[in-house]
Structure formats: structure tokens, C-alpha cells
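Breakdown of the fold
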Amino acid sequence: MTILQKLFSFQGRLRRRDYWLLGLLIGVVTVAVVVLLLLAFGVKPEDERLSLAGLLVIWPSLAMMVKRIHDRNKSGWLALVYWVPSIASNIVDMAPADSFVAPRMGLKIVAGIIGLWFLIEFGFMDGTQGPNRYGKSPKGVGGDTRDKLEEVFA
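Residues numbered from 1 in each chain as written. Predicted model: local features only at pLDDT ≥ 70, side-chain atom pairs only at ≥ 80, totals over all residues. Heavy atoms only, no water.

1. Comments concerning the overall build of the protein chain
Of regular secondary structure, the protein chain possesses 7 helices and 0 strands. A separation threshold of at least 6 residues defines the contact pool for the protein chain, and within that pool the share at least 24 residues apart is 66%. Of the roughly 10200 Å² that the protein chain leaves accessible, carbon and sulfur atoms contribute 71%. (Helix = DSSP H or I, 4+ residues; strand = E, 2+ residues; numbered from the N terminus. Contact = heavy atoms within 4.5 Å. Areas by Shrake-Rupley, 256 points an atom, 1.4 Å probe, with all protein chains shown as cover.)

Printed below as a string of C-alpha cells:
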């Protein structure tokens, strides 16, 4: 799988190492873009154009998350369990400070618990050994016996 497929495709599986390294790369590029906008172009920290840097990383972040979920042999739609409370929490944060106090705290707690679960399940736990319904192991281990026999007799 090429780096572009790892960053932009929702197909296949992604091993932990690649997930963390590509996440670090995305973070470094995002910080570099923000610093460039702040220093070179004189954009003020409160300028809404800085939000564009965050929007640019949504697709690759979601694609990598889905492939990481696939590596654990789970449906990529599970990513909605993470994103929906996080986005809802951010939307509620835009409301005036004195309104939505209870839902704001509840959403933050729910988003935090789900975020911790995702970190442990998909950030630290090993993927399915061998092939699963989303493809071959990205580590190249535990392949199907038929694949090995075909390689020997090919």
C-alpha cells in the first residue's frame, strides 16, 4: 500500500506503527502550516482561516482511523462512535457559556471515555493475525495456507 493509499483510501488495513507515524507526520505538517500562516502571512490567531488547517486533515485522519479499525476486524462505521460525540461537543462549545452547561459537560465526559477506549483498542492493541474480511495482514504475517502453497508452486 502506498503512502497516498494509507492517507486517503478507506480500503484495507493499517498497522499500528504506520498509524502512529502517519499521525505524527500529519501533526507536524499541520503545525508547520499554522506557523507559516501566523508568521509569514500575518494571520492573527483568532482568524477563522486557521481552522482550514484543521479541516485539511479530517479526510486522512478518518481514512487512517477506518483502516486501523479494519485491522482489528471491525466495521469502519465504528468511527462514527468516536466522531459524533466529539463533533457534538465542539458544536455545543460554540454556544454561549451560560447555556447548555449540563449537556456540555456530559458530552465532554462521553467523548473523553470514547476517546480513551479508541486509544486503547485501536492505538495500542494488535490487529487481527493473518487475513480478515478487510484484507491481508499489513504485517505480512499469518497468511492463508493456500496463499503460501500458491507461492511455492507458482
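2. Things to note about a nonpolar patch on the surface
Nonpolar side chains collect at one region of the surface, where Ile-3, Leu-4, Phe-8, Leu-25, Val-29, Val-33 and Trp-59 lie side by side and expose about 660 Å² of accessible area between them. When residues of the nonpolar patch are traced back to their parent elements, those giving at least two are α1 (3-8) and α2 (16-39). (Patch = residues over 30% accessible without salt bridge, like charges linked within 9 Å, V, L, I, M, F, W, Y side chains within 5 Å. Salt bridge = Lys/Arg side-chain N within 4 Å of Asp/Glu carboxyl O.)

3. A word on the packing of helix α4 (residues 58-71) against helix α5 (residues 79-93)
Orientation of α4 relative to α5, taken along the N-to-C sense of each, is 140°, at an axis distance of 10 Å. If you check the angle between α4 and α5, you find them oblique. For the pair α4 and α5, the contacting residues are Leu-62, Met-65, Val-66 and Ile-69 in the first and Ala-79, Tyr-82 and Trp-83 in the second. Looking at the contact of α4 with α5 residue by residue, the classes come out as 7 nonpolar, no polar and no charged. (Axes fitted to C-alpha atoms, helices over the stretch in contact; angles between N-to-C directions. Parallel < 35°, antiparallel > 145°, perpendicular 65-115°, else oblique. Nonpolar A, V, L, I, M, F, W, Y, C, P; charged D, E, K, R; others polar.)

4. Overview of empty space enclosed by the protein
Scanning all chains against the criterion turns up 1 cavity of 30 Å³ or more. Counted as a void, the largest cavity has a volume near 70 Å³. Taken together, 14 residues make up the lining of the largest cavity; nearest its centre are Asp-71, Asp-126, Gly-127, Ser-137 and Lys-139. A class-by-class count of the residues in the lining of the largest cavity yields 2 nonpolar, 5 polar and 7 charged. (1 Å grid on protein atoms, 1.4 Å probe; cavity = no way out; pocket = protein on both sides within 12 Å on 5 of 7 lines; lining within 4 Å. Points joined across faces, edges and corners; volume = space filled by probe spheres on them.)

5. Considering the environment of Gly-106
Here Gly-106 lies in helix α6 (residues 101-124). Overall, the relative accessible area of 34% leaves Gly-106 in the partly exposed class. Separated by 21 residues in the primary sequence, Gly-106 and Pro-85 have C-alpha atoms spaced 9.9 Å apart. (Buried < 20%, exposed > 50% of the residue type's maximum accessible area, 1.4 Å probe, protein only.)

6. Re the nonpolar core
Counting residues in each nonpolar core, the largest one holds 7 residues, listed as Met-65, Val-66, Ile-69, Ala-79, Ile-114, Phe-118 and Phe-122. Looking at this core, the elements that each hand over two or more residues are α4 and α6. By size, the runner-up hydrophobic cluster in this structure holds 5 residues, among which are Leu-7, Leu-14, Ile-26 and Met-64. (Core = buried A, V, L, I, M, F, W, Y, C linked by side-chain atoms within 4.5 Å.)

7. Considerations on the packing of aromatic side chains
The description of two aromatic rings rests on the distance between their centres and on the angle between their planes. Within the structure shown, the criterion is met by 8 aromatic pairs. Pairing Trp-20 with Phe-124 gives two aromatic rings, centres 5.9 Å apart and planes at 20°, and the pair type is stacked. Linking Trp-20 in helix α2 with Phe-124 in helix α6, this pair joins segments that are 104 residues apart in sequence. You can call Phe-124 partly exposed: its relative accessible area is 49%. Centroid distance Trp-117 to Phe-118: 4.8 Å. Interplanar angle 80°. Geometry classified as edge-to-face. Through a chain of ring-to-ring contacts, the aromatic side chains of Tyr-82, Trp-83, Trp-117, Phe-118 and Phe-122 assemble into a single cluster. (Phe/Tyr/Trp six-rings, centres within 6.5 Å; stacked < 30°, edge-to-face > 60°.)

Any functional reading would require information beyond the geometric quantities listed.
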